[in-house]
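So you can see what is in the structure, the chains are spelled out below.
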Amino acid sequence: MRFEVDAPTRVTLLECNCSVCRIVGFLHLIVPLDRFRLLAGAEMLTTYTFNTGTAQHTFCKRCGVKPFYVPRSHPNGKSVNARCLDRSEFEEVSIEPFDGANWERNVAEIQGRLAN
């Protein structure tokens, strides 16, 4: 599978402590849908949903990697696993913790910040 993301050269990634992200080691780079392109390998992807069904967690059928997904906090965007990107493309990368274990209490703040 191949995909590309249009992102600034200075990014802030979110490290979520929810049960899913913590276990798979997902580092979130959330981008608008028009800045994400799946180039090849759509047939190798499968999607898992739970709870509200809004988040669409995408996995590779062959290796199990979760490279990107549609997040519940930004259903019109993609959250890309920065661990699947070439870090040399970025001038500066910072990582902020996000308390996803208490998602409802904390998501409004992150939605506001990423909307700007």
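Summary of the structure given here. Small disclaimer: the values here were computed from a predicted structure and weren't measured. (Residues numbered from 1 in each chain as written. Predicted model: local features only at pLDDT ≥ 70, side-chain atom pairs only at ≥ 80, totals over all residues. Heavy atoms only, no water.)

**Topic: the nonpolar core**
1) Next: Counting 13 residues, the largest nonpolar core has Phe3, Leu13, Leu29, Phe36, Phe68, Val80 and Leu85 as its most contacted members.
2) Next: Mapped by element, the contributors of at least two residues to this core are strand 2 (10–16) and strand 3 (27–32).
3) Next: Looking at which element gives the most residues to this core, the answer is strand 3, with three residues.
4) Next: Ignoring anything within four residues of it in the chain, the contact list for phenylalanine 36 reads Phe3, Glu4, Val5, Val31, Phe68, Lys78 and Val80.
5) Next: Judged by nonpolar contacts, the second largest core, of 10 residues, contains Cys16, Cys18, Phe98 and Trp103. (Core = buried A, V, L, I, M, F, W, Y, C linked by side-chain atoms within 4.5 Å. Buried < 20%, exposed > 50% of the residue type's maximum accessible area, 1.4 Å probe, protein only. Helix = DSSP H or I, 4+ residues; strand = E, 2+ residues; numbered from the N terminus. Contact = heavy atoms within 4.5 Å.)

**Brief notes about the sheet that holds strand 7 (residues 68–70)**
1) Next: Spatially, the seven strands line up as an open sheet ordered 5-6-7-8-3-2-9, and their pairing is mixed. Of all the strands in the sheet, just strand 5 (45–48) and strand 9 (92–98) have a single pairing partner and so form its edges. Pairwise comparison of adjacent strand axes, ignoring direction, gives a mean angle of 35° for this sheet.
2) Next: Across two bridges, strand 7 lies against strand 8 (residues 77–81) in antiparallel orientation. Of the residues in strand 8, the one forming a bridge with tyrosine 69 is serine 79. (Pairing = 2+ DSSP bridges. Axes fitted to C-alpha atoms, helices over the stretch in contact; angles between N-to-C directions.)

**Quick notes on the side chain of serine 79**
1) Next: Looking at the element boundaries, serine 79 is found in strand 8.
2) Next: Residue class for serine 79 comes out buried when judged on its relative accessible area of 0%.
3) Next: Within the local environment of serine 79, its side chain forms a polar contact with the side chain of histidine 28, the two groups lying 2.6 Å apart.
4) Next: With residues near it in sequence (within four places) discarded, serine 79 still touches Phe26, His28, Leu29, Ile30, Pro67, Phe68, Tyr69 and Pro71. (Polar contact = N/O pair within 3.5 Å; in protein donor to acceptor, adjacent residues only side chain to side chain.)

**Considerations on the environment of arginine 37**
1) Next: Residue placement: arginine 37 occurs in strand 4 (residues 36–40).
2) Next: Accessibility expressed as a relative area gives 29% for arginine 37, which makes it partly exposed.
3) Next: For the pair arginine 37 and arginine 22, spaced 15 residues apart in sequence, the C-alpha separation works out to 25 Å.
4) Next: Among all residues touching arginine 37, those that are not within four sequence positions of it are Arg2, Phe3, Glu4 and Asp6.
5) Next: Within the local environment of arginine 37, its side chain forms a polar contact with the side chain of glutamate 4, the two groups lying 2.7 Å apart.
6) Next: Reaching out from arginine 37, the side chain makes a polar contact with the side chain of aspartate 6 at a distance of 2.9 Å.

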